[in-house]
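# Structure assessment
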Amino acid sequence: GAELFAFEPDELETLVTEEVGGSALFAARFRESAARALLLPRRNPGKRSPLWQQRQRSAQLLEVARKYPSFPIILETVREVLQDVYDLPSLRELTSSIAGRQVRLVEVETDAPSPFARTLLFGYVAAFLYEGDSPLAERRAAALSLDPALLAELLGRAELRELLDPEVIAQVERELQRLDPERRARDAEGIVDLLRVLGPLSVEEVAARFAHQSVEERPAEPDASRDHRLTDTLTELARANRVLRVQIAGVERWAVIEDAARLRDALGVPLPIGVPTAFLEPVADPVGDLVSRYLRTHGPFTAADAASRLGLGIAVVTDALRRLAADRRAVEGEFRPGASGTEWVDPEVLRRLRARSLAALRREVEPVPQAALGRFLPDWQHVASARGGLRGIDGLVSAIDQLAGLPLPATSWESLVLPSRVRDYSPAMLDELMASGEVLWAGRGELPGGDGWVSLHLAEAAPLTLPEPLPLEPDPLRERLLAALAGGGGYFFRQLATAVAEPDAEPLTDTDVARALWELVWAGRVTGDTFTALRARLGATTTRARATPRSRAHRARARVAASLAASAPPTVAGRWSLLPAPDAVPTARATALAEQLLERYGVVTRGVVQAEGVEGGFALVYKVLSSLEETGRVRRGYFVEQLGAAQFATPATVDRLRAFQTDRVEDAPLVAVTLGATDPANPYGAALSWPGRDELRHRPGRKAGALVVLIDGALGLYVEKGGKTVLDFLDPDAAEAREAASASLAATVRAAGGRLRVERIDGAFAVGTPLGDALQRAGFAPTPQGLRLR
């Protein structure tokens, strides 16, 4: 009938694993595995051994090996049967479809087997070919026992101890023990039912499971009076032959009258006079009945727990549990998190625990709010105001490693990006790393005002993080500069000017050579060994310190550099060299890019890739991340609300992200973070879209020089470059958030050594607005043009 094919999907793997050791298929596969392992030697290597002889030797080997469940050939045979012969994943999928009513079972009676059924019948006969002529092998296989822990390790299955939720286990146990308020007894009949389901209980245990009247209905009474009243109720039930008083394990308990013979035969409990004869008839398996009831009413437990409760020996309880396991009424394994040793549980209880634990896990994997990403990303990127930041040279290397290959405005690197991540950052630290050859910088296009897009790279990984150079129009001077640098090494500007000069041509000015050199820099072809020239180009030579030489060799090189560069313009100071060529293998570069995005953002989304302007777009990165998912290194899912299901992160990153979805603790200070709009720690305009305000004509964007202020992960303020326009996205009544945002903005501008003048806020004159008043309290001064911070 069709019921033969109706299985619980969650039970299939366990059933097959338990039964496989007693199958003829197992005996045949064991023989083949033993022969491959050369454990069945031939008497004459030049001749084949008869099949019957191989089966006999295999049976003898199995007879010895069955005493050792971890014997490698046994484990290999189980693996082969479970993974190569049986297609358990497909069977589980089919049974799930049947249970979900996606597939329907229809019983059809035919005169002859179908071609498909004939194949099954033939395979069935072949599987039991040894049933008649070699019963010894099957009898030995039937006695085989497997080590569940070792088998799980071999097959790579997850331990239930890692899956089951402790809170779920505690809740299910409360329900099974009738301790849940909704499951407590409410009257005398409920008490009898309680004892029938749970077994013998003491008065205190009955009281814990009895729904006492509320204070409104009845005045509160002491525990002693309550227990005395329950004892009177139990005594009345005993007079009616509904319950009886017994002694179990030295404790006085009450039991239902139906348990009289069971307790007498299993525990030797003396019965009181007057028990009706109908309840004194011997039962078939009194110990099994008591242990089975303990199974049904408890979560995972050890044999010692049950033995202590029932007043039996551990060996007696263990034997009963094994008999129940043979009948599939008990499951042995490791279930309770944090526990150790073998435990037992009822299959139905285990099914409930698994279902509820999986439901709890699914609730945990629900997407987090977008504000959680706004809180997570600054912390992930070590922004100082979020977690305290990094320190020292090693911290600077870590920050550059995370930001490697990301083009940012040159003005923001040392004013906002690096100081926000490295608490004790100084320009000398970056110059030291560049002078030692550990860090490179590369241009990626010029911006108005002398600014430009610049990326930092660790030298050892630069070929994988450097982009392809930008195209340039042919120019003789640039070609001569490239030819001079092609020999390798670093050259001072005066050396380059001499190398590119042509004797018969018109002399070149320093301005011409410097212009051509910087054109090569912005095209991503040439770099310097210091940030000094870039600082000078940005007009910061008076506020940025040079790296201090630390050794005699450093001082000697510094003197030589000073003599060679004495007459060079400050915008071309230092040595210049060609950038290394990008890696020629596209796959290696794509893989490095995907891993770099995971390291930088934690959660990679389509918006993040588009914001970085990756060549090939999200389609390229998606292929690499999908391959990483197949190898188990990353996970794809719906982690952040409204960002689609194509989000990638490592499991550890997802757990860390979910830690940021909790609401702020009441009375805790607001966390305000001021970042550059192009800073990768700012998720808005990349992973997250900008908040919309229809009444505003001005729209925010990830523009060079613009600032954003995040308040607990949400966008609070957007400040255009120079501060001429400020957009306020805070709630009109959020006075505390507005004060925190103003203080953070003022502190960041002061720390960067800059100035800011706010003329208009949301299109209105800044002075007199709620945000304007908060900015004044943070240190801005009112002027006829607006609010100014020096």
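Residue positions are given per chain, counting from 1 as you read along its sequence in written order. Where local features are concerned, this predicted model is filtered to residues with pLDDT of at least 70; where side-chain atom pairs are given and counted, the filter is 80 or more; whole-chain, interface and lining totals use all residues. With hydrogens and water stripped out, all remaining heavy atoms of the structure feed into the side-chain values.

## Regarding the overall build of the protein
Helix and strand counts for the protein stand at 35 helices and 21 strands. Each residue is placed in one exposure class: buried if its accessible area under a 1.4 Å probe, protein chains only, is under 20% of its type's maximum, exposed if it is over 50%, and partly exposed if it falls in between. Across the 790 residues in the protein, those meeting the buried criterion constitute 43%. Residue contacts follow a heavy-atom distance rule, with two residues in contact if any of their heavy atoms lie within 4.5 Å. A separation of at least 24 residues holds for 66% of the contacts in the protein among residues at least 6 apart in sequence. Computed by Shrake-Rupley with a 1.4 Å probe, the accessible areas treat only the displayed protein chains as cover when residues are assessed. Of the roughly 40,700 Å² of accessible surface on the protein, 53% is carried by carbon and sulfur atoms. Starting at the N terminus, helices and strands are each numbered in turn, a helix being any DSSP run of H or I of at least four residues and a strand any DSSP run of E of at least two.

## Side note on a negative patch on the surface
Patch members must show over 30% relative accessible area and no salt bridge, and they are joined within 9 Å when carrying like charges or within 5 Å when they are nonpolar side chains of Val, Leu, Ile, Met, Phe, Trp or Tyr. Salt bridge, as used here, is a side-chain nitrogen of Lys or Arg placed within 4 Å of a carboxyl oxygen of Asp or Glu. Neither His nor the chain ends is counted toward charge; the positive residues are Lys and Arg and the negative residues Asp and Glu. In plain terms, the charge of a residue is placed at NZ if it is Lys, CZ if Arg, CG if Asp and CD if Glu. A cluster of like negative charges, contributed by Asp401, Glu438, Glu460 and Glu599, occupies part of the molecular surface. Examined against the element boundaries, Glu460 turns out to sit in the loop between β7 (452-458) and α24 (462-465). Glu460 sits in the exposed class, given a relative accessible area of 76%.

## A short note on the environment of Ala747
Within the fold, Ala747 resides in helix α34 (residues 735-751). A relative accessible area of 43% means that Ala747 is categorised as partly exposed. Considering only alpha carbons, one finds Ala747 and Thr674, 73 residues apart in sequence, at a separation of 8.9 Å.

## Here we look at the sheet that holds strand β17 (residues 756-758)
Note on sheets: strands pair through backbone hydrogen bonds, and any given pair is parallel or antiparallel. Strand order in the open sheet made by the three strands is β17-β21-β20, with antiparallel pairing throughout. In this open sheet, the two strands that pair with only one neighbour each are β17 and β20 (781-783). Taken over all neighbouring pairs, the strand axes of this sheet differ in orientation by 30° on average, direction set aside. A pair of strands is considered paired only if DSSP assigns at least 2 bridges between the two. Judged from the three bridges that link them, β20 and strand β21 (residues 786-789) form a sheet pairing that is antiparallel. Looking at the pairing, Ala781 lines up with Arg788 of β21. To obtain an axis, a line is fitted to C-alpha atoms, over the contacting stretch when the element is a helix, and the angle between two such axes runs from 0 to 180 degrees between their N-to-C directions.

## Focus: the sheet that holds strand β10 (residues 575-578)
The antiparallel open sheet is built from three strands, whose spatial order is β8-β10-β9. Either end of the sheet is taken by a strand with one partner, and the two such strands are β8 (491-492) and β9 (526-528). In the sheet, β9 pairs with β10 via three bridges, with the strands oriented antiparallel. By the bridge assignment for β10, Val526 is matched with Leu578.

## Overview of the pairing of strand β2 (residues 251-256)
Direction of pairing for strand β1 (residues 243-248) relative to β2: antiparallel, over a ladder of six bridges. Along β2, the bridge assignment pairs Val246 with Arg253. Where β1 folds back onto β2 in an antiparallel hairpin, the turn is made up of two residues, including Ala249, whose phi is positive at roughly 55°.

## Some thoughts on the packing of aromatic side chains
Between 30 and 60 degrees the pair is tilted, below 30 it is stacked and above 60 it is edge-to-face, where a pair is any two Phe, Tyr or Trp rings, Trp via its six-membered ring, whose centres lie within 6.5 Å. On inspection of all chains with the given rule, the structure shows 12 aromatic pairs. Ring geometry for Tyr622 versus Phe648: centroids 5.6 Å apart, planes at 80°, classification edge-to-face. Highlighted residues: Tyr622 in helix α32 (residues 617-630) and Phe648 in strand β12 (residues 647-649), separated in sequence by 26 residues. Judged by its relative accessible area of 29%, Tyr622 is partly exposed. Given a relative accessible area of 0%, Phe648 falls into the buried group.

## Topic: the pattern of salt bridges
One pass over the structure, following the stated rule, counts 40 salt bridges. Across the salt bridge formed by Arg356 and Glu175, the nearest N and O atoms sit 2.9 Å from each other. With Arg356 in helix α18 (residues 347-364) and Glu175 in helix α10 (residues 166-176), this residue pair connects regions lying 181 residues apart in the sequence. Put simply, Asp259 and Arg262 hold a salt bridge, and the shortest N to O gap is 2.8 Å.

## Remarks on the environment of Glu204
Position of Glu204 among the secondary structure elements: in helix α12 (residues 203-208). Using a relative accessible area of 52% as the deciding quantity, one classes Glu204 as exposed. Taking the C-alpha atoms as reference, Glu204 lies 6.9 Å from Asp227; in sequence the two are 23 residues apart.

## Overview of empty space enclosed by the protein
Points on a 1 Å grid, built from protein atoms alone, make a cavity when a 1.4 Å probe fits but cannot get out and make a pocket when they are open with protein on both sides within 12 Å along at least 5 of 7 lines; residues with an atom within 4 Å of a point are the lining residues. Grid points are joined across faces, edges and corners, and a volume is the space filled by probe spheres set on the points. Summed over the entire model, instances satisfying the criterion amount to three cavities of 30 Å³ or more. Approximately 50 Å³ is the volume found for the second largest cavity. Forming the boundary of the second largest cavity are Leu373, Leu377, Tyr601, Val603, Val608, Pro680, Asn682, Pro683, Ala686, Ala687 and Arg702.

## A few points about the packing of helix α21 (residues 392-403) against helix α22 (residues 410-421)
Orientation of α21 relative to α22, taken along the N-to-C sense of each, is 110°, at an axis distance of 9 Å. One finds that α21 runs roughly perpendicular with respect to α22. Between α21 and α22 lies a crossing of right-handed hand. Judged by residue contacts, Leu396, Ala399 and Leu403 of α21 engage Trp413, Val417, Leu418 and Arg421 from α22. In this classification, Asp, Glu, Lys and Arg are treated as charged, Ala, Val, Leu, Ile, Met, Phe, Trp, Tyr, Cys and Pro as nonpolar, and every other residue, Gly included, as polar. Looking at side-chain class alone, the contact of α21 with α22 contains six nonpolar, no polar and one charged residues. Angle categories are assigned with fixed cut-offs, so that under 35 degrees is roughly parallel, over 145 is roughly antiparallel, 65 to 115 is roughly perpendicular, and the rest are oblique. With the far helix as reference, a near helix turned anticlockwise by less than a right angle produces a left-handed crossing, and one turned clockwise produces a right-handed crossing.

## Some thoughts on the nonpolar core
Formed by 90 residues in total, the largest nonpolar core has its most connected members in Leu430, Trp441 and Trp576. Among the elements that take part in this core, helix α27 (residues 510-522) stands out by supplying eight residues, more than any other. For the purposes of this section, nonpolar cores are sets of buried Ala, Val, Leu, Ile, Met, Phe, Trp, Tyr and Cys residues that join through side-chain atoms within 4.5 Å. Leu263, Tyr294, Leu321 and Ala330 belong to the second-largest nonpolar core, a separate cluster that totals 27 residues.

## Focus: the side chain of Arg293
Take Arg293: it is sitting in helix α15 (residues 286-296). Polar contacts here mean pairs of N or O atoms no more than 3.5 Å apart (in protein, one a potential hydrogen donor and the other a potential acceptor; neighbouring residues in sequence count only if both atoms are side-chain atoms). Within the local environment of Arg293, its side chain forms a polar contact with the backbone oxygen of Arg196, the two atoms lying 3.4 Å apart. Other than its neighbours up to four places away in sequence, Arg293 contacts Leu195, Arg196, Val197, Leu198, Gly199, Pro200 and Asp259.

## Considerations on the confidence of the model for the protein
Confidence in the prediction of the protein, expressed as mean pLDDT, is 83, and 87% of residues score 70 or more. The predictor reports its confidence for every residue as pLDDT, a score running from 0 up to 100. Note on residues 130-149: pLDDT under 50 across the span, and 42 contacts to partners over four residues away in sequence or across chains. Between residues 540-551, whose pLDDT stays under 50, and residues either more than four places distant or in other chains, the model counts 22 contacts.

## A look at unusual backbone geometry
If you check the backbone angles, Asp712 has positive phi at about 50° while not being a glycine. Relative to the elements of secondary structure, Asp712 occurs in the loop between β14 (707-711) and β15 (714-719). A positive phi angle is found at Asp762, which is not glycine, with a value near 55°. Following the sequence through the fold, Asp762 ends up in the loop between β18 (760-761) and β19 (764-765).

## Comments concerning helix α33 (residues 651-658)
Along α33, the residues that are buried comprise Thr653, Val654, Leu657 and Arg658. For α33, the arc enclosing every buried residue in end-on projection is 135°, short of the 170-degree limit, so these residues lie on one face. For α33, exposure combined with an orientation more than 90 degrees from the buried face picks out Ala652 and Asp655. Note: the arc covers the axis-to-C-beta directions of the helix.

## Some thoughts on the packing of α21 against helix α30 (residues 586-601)
As a packed pair, α21 and α30 sit with axes 8 Å apart at the nearest point and diverge in direction by 125°. Classified by the interaxial angle, the pair formed by α21 and α30 is oblique. Of the residues in α30, those touching α21 at Asp401, Gln402 and Leu403 are Gln596, Glu599 and Arg600. Of the residues belonging to the contact of α21 with α30, the class tally is one nonpolar, two polar and three charged.

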